[in-house]
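# Observations on the three-dimensional arrangement
One-letter residues, chain by chain:
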Amino acid sequence: METGSVKSVYVSRGSAGCDFSIGRFQMKPSFVEELEKRWMRSDLPRKYDLYFDTKDSQMARRVRISRMEKEEWQCIYLAVFLKLLWLDYGSFDKNGEQTQEGIDALPLKEQLRLAATAYNRGCRWVNPGYGPLDEILDKSHEKHFHTAFVATSRTKRYVYADVALRHFKEIQNN
């Protein structure tokens, strides 16, 4: 009942009215809204034939929530996030020319740390010029993640990238 209520508030008022985490990947509507907008401003929609209605309308929000409830769409949104992250911080431009030492030049462990940190911090890092890779990697060692319902100064916090890396290693070992 609670989930139905918050979804309804989001559809009618948007993420300013209600922003909550949904599904296996715990994505918030505000995160997905920003992903969709950033995606549509890139050259990627034509390449992947994937388009989003980014208008601030009840219909667009209803479609977005419906997608977010499906694990398949959460995987698509995660792939969109990673594509945008690599587009903005990768080593190659859209013509395949190497322009810098980007994410793809890092060891896999550091790529995972960076992606997990950026994901946990939201869409703000999926924008060109947000900061150099070193700055984002520095953030990947900060303790911000917690499991408490309400965080206080006494709440135990974890490094999100460490949690992601540990899970990745468990998957590799299985």
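This text follows the structure it describes.
No experiment lies behind these values; they were computed from the predicted model shown.

Its identity is not glycine, yet Gln26 carries a phi of approximately 50 degrees, on the positive side. Within the secondary structure, Gln26 is located in the loop between helix 1 (2-13) and helix 2 (29-41). The phi angle at Asp49 is positive, at roughly 50 degrees, despite the residue not being glycine. As for its position among the elements, Asp49 is in the loop between helix 3 (44-48) and helix 4 (58-68).

The subject of this paragraph is the environment of Leu78. In this structure, Leu78 sits in helix 5 (residues 71-89). For the pair formed by Leu78 and Lys7, sequence separation is 71 residues and the distance between their alpha carbons is 20 Å. What Leu78 contacts, discounting residues up to four positions off in sequence, is Phe25, Met27 and Tyr119.

This next bit is on the packing of aromatic side chains. A full pass over the atoms with the stated rule returns eight aromatic pairs. Ring geometry for Phe31 versus Phe81: centroids 5.8 Å apart, planes at 40 degrees, classification tilted. With Phe31 in helix 2 and Phe81 in helix 5, this pair connects stretches of sequence that are 50 residues apart. Classification of Phe31 as buried rests on a relative accessible area of 9%. Relative to Tyr77, the ring of Phe52 lies with its centre 5.7 Å away and its plane at 25 degrees, an arrangement referred to as stacked.

This paragraph deals with the layout of surface pockets. What the largest pocket holds in volume is close to 1,500 Å³. As for the largest pocket, its lining consists of 39 residues, and the residues nearest its centre are Phe25, Gln26, Tyr119, Asn120 and Tyr160. At the level of secondary structure, the elements contributing two or more residues to the lining of the largest pocket comprise helix 1, helix 2, helix 5, helix 6 (108-121) and helix 8 (160-173). Residue contributions to the lining of the largest pocket peak at eight residues, all from helix 6. Here the residues of the lining of the largest pocket sort into 24 nonpolar, eleven polar and four charged.

Rules used throughout
- Residue positions within a chain follow its written sequence, with the count starting from 1.
- It should be noted that, the model being predicted, local features are given only for residues of pLDDT at least 70 and side-chain atom pairs only at 80 or more, the latter also being counted only at that level, while totals for whole chains, interfaces and linings use all residues.
- Excluded from the side-chain calculations are hydrogens and water; all other atoms, namely the structure's heavy atoms, are used.
- Helix numbers and strand numbers start at the N terminus; a helix is a DSSP run of H or I with at least 4 residues, a strand a run of E with at least 2.
- Note on contacts: a residue pair qualifies if any of its non-hydrogen atoms lie within 4.5 Å across the two residues.
- Pairing of aromatic side chains here covers Phe, Tyr and the six-membered ring of Trp, requires ring centres within 6.5 Å, and sorts the geometry by plane angle: under 30 degrees stacked, over 60 edge-to-face, intermediate tilted.
- Exposure is judged per residue with a 1.4 Å probe applied to protein chains only, and the accessible area is read against the type maximum: over 50% gives exposed, under 20% gives buried, and values in between give partly exposed.
- Grid points spaced at 1 Å and placed over the protein atoms alone form the basis of the search, with a cavity being a set where a 1.4 Å probe fits but cannot get out and a pocket an open set showing protein on both sides within 12 Å along at least five of seven lines. Lining residues have an atom within 4 Å of a point.
- Grid points are joined across faces, edges and corners, and a volume is the space filled by probe spheres set on the points.
- In this classification, the charged set is Asp, Glu, Lys and Arg, the nonpolar set is Ala, Val, Leu, Ile, Met, Phe, Trp, Tyr, Cys and Pro, and all remaining amino acids, among them Gly, are polar.

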